[in-house]
Structures are given as C-alpha cells and as structure tokens.
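# Working through the structure, step by step
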Amino acid sequence: SNDLTDGAGLIVYGKDHSSYAGQFNLYGIDENGTRRMLIFQKDGSLTWDGHNVVSVISHYQSGTKFCRIYSDGWKEQGGWVSTDSMLTWYTPFKDNNYTVTAIGQTTSSYNAQYRQICITEKTATYIKGTIASGVGLHLYACGY
C-alpha cells in the first residue's frame, strides 16, 4: 500500500522518479500514530527513523585472524598469538586509542602465566610474557 495512514507499507520509487529515484521507504505506524521509516537511498545510505543504520561493510577471516569493519569506521579485529610475538592487524586503526582484551589458552601442563599486552602502534600489538610451549592468547581489539 502507498497509503501512509494504513499502519505499515512499502514504497518503491523507480529509477526515473523526479525526487526519489531508486529509493525505497519501509514504514510502520505505532498505536499513537507515529510513523517510523526505514529509508534506503540510491547512494547506498540507510536510515531508521532519521538515524544512520550502521552496517558491516567489510570482513576478513583466515585461520584464527579476523577483522570486521563497519560503515561508521568502527573496527573489530583479533586473532591468536603466542608468547613474545606481535599480532599485525589486518587493517590499521586510526591511532593508538583502541582497546585490546585477551584470554589465555594453554595446551600444556603449565599454570596461568604472566602476559603483558602492549599497544605499540596502530598497526600491531606486541605480547610479552614467559615462554612456555602451547601457551598463547586470543586477542580482540576494537576502535576506529
């Protein structure tokens, strides 16, 4: 329906429409009569109720290493690292103001061991710790 008072609807504009070429609007009207719209524009932007919708625009995964980049520039990256090594990020962060968390894992008989995680640059994070076979970290980093 294209009746904006009907409760819900979908409007699809053709490529030759004078004002909204290639756009669609999906909307619903709540019990108070407030209309909420999901709008897709031909430039690829998507808004919900006037706010930009953040979406995944790129992703990468190989072995234990992964990266996900969002439309607003936010990045999530991670992977497995062993002691005394560096994890180079798939894509650099904007600066060194990103967050790194880690959880240790061991396949050996060693108990929990000391680890130091150092954000050394926007392209990599360095791990320093005691050396033991089968001990390492799963890293997760996020930021712009």
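Before going into details, it helps to say that this report is about the structure given with it. (Residues numbered from 1 in each chain as written. Predicted model: local features only at pLDDT ≥ 70, side-chain atom pairs only at ≥ 80, totals over all residues. Heavy atoms only, no water.)

## Some details on the pattern of salt bridges
Using the criterion set out here, one finds 2 salt bridges in the structure. Across the pair Lys 15 and Asp 16 runs a salt bridge whose closest N-O atoms are separated by 3.7 Å. The same class applies to Lys 15 as to Asp 16, namely exposed. Among the salt bridges present, the one from Asp 49 reaches Arg 36, with a minimum N-O distance of 3.0 Å. Within this pair, whereas Asp 49 is found in the loop between β4 (46-48) and β5 (51-52), its partner Arg 36 is found in strand β3 (residues 35-40), the two being separated by 13 residues in sequence. Since its relative accessible area comes to 33%, Arg 36 is described here as partly exposed. (Salt bridge = Lys/Arg side-chain N within 4 Å of Asp/Glu carboxyl O. Buried < 20%, exposed > 50% of the residue type's maximum accessible area, 1.4 Å probe, protein only. Helix = DSSP H or I, 4+ residues; strand = E, 2+ residues; numbered from the N terminus.)

## Focus on the pairing of strand β7 (residues 65-70)
Where strand β6 (residues 56-62) and β7 come together, 6 bridges link them in antiparallel fashion. Bridge pairing links Ser 58 to Ile 69 in β7. The hairpin formed by β7 and strand β8 (residues 75-82) contains 4 residues between the paired strands, and Gly 73 there has a positive phi angle of roughly 95°. (Pairing = 2+ DSSP bridges.)

## Considerations on the pairing of strand β13 (residues 135-143)
In terms of burial, β13 is largely enclosed, as 7 of its 9 residues are buried. Note that β8 and β13 share 8 bridges and pair antiparallel. Directly across from Gly 78, in β13, lies its bridge partner Tyr 140.

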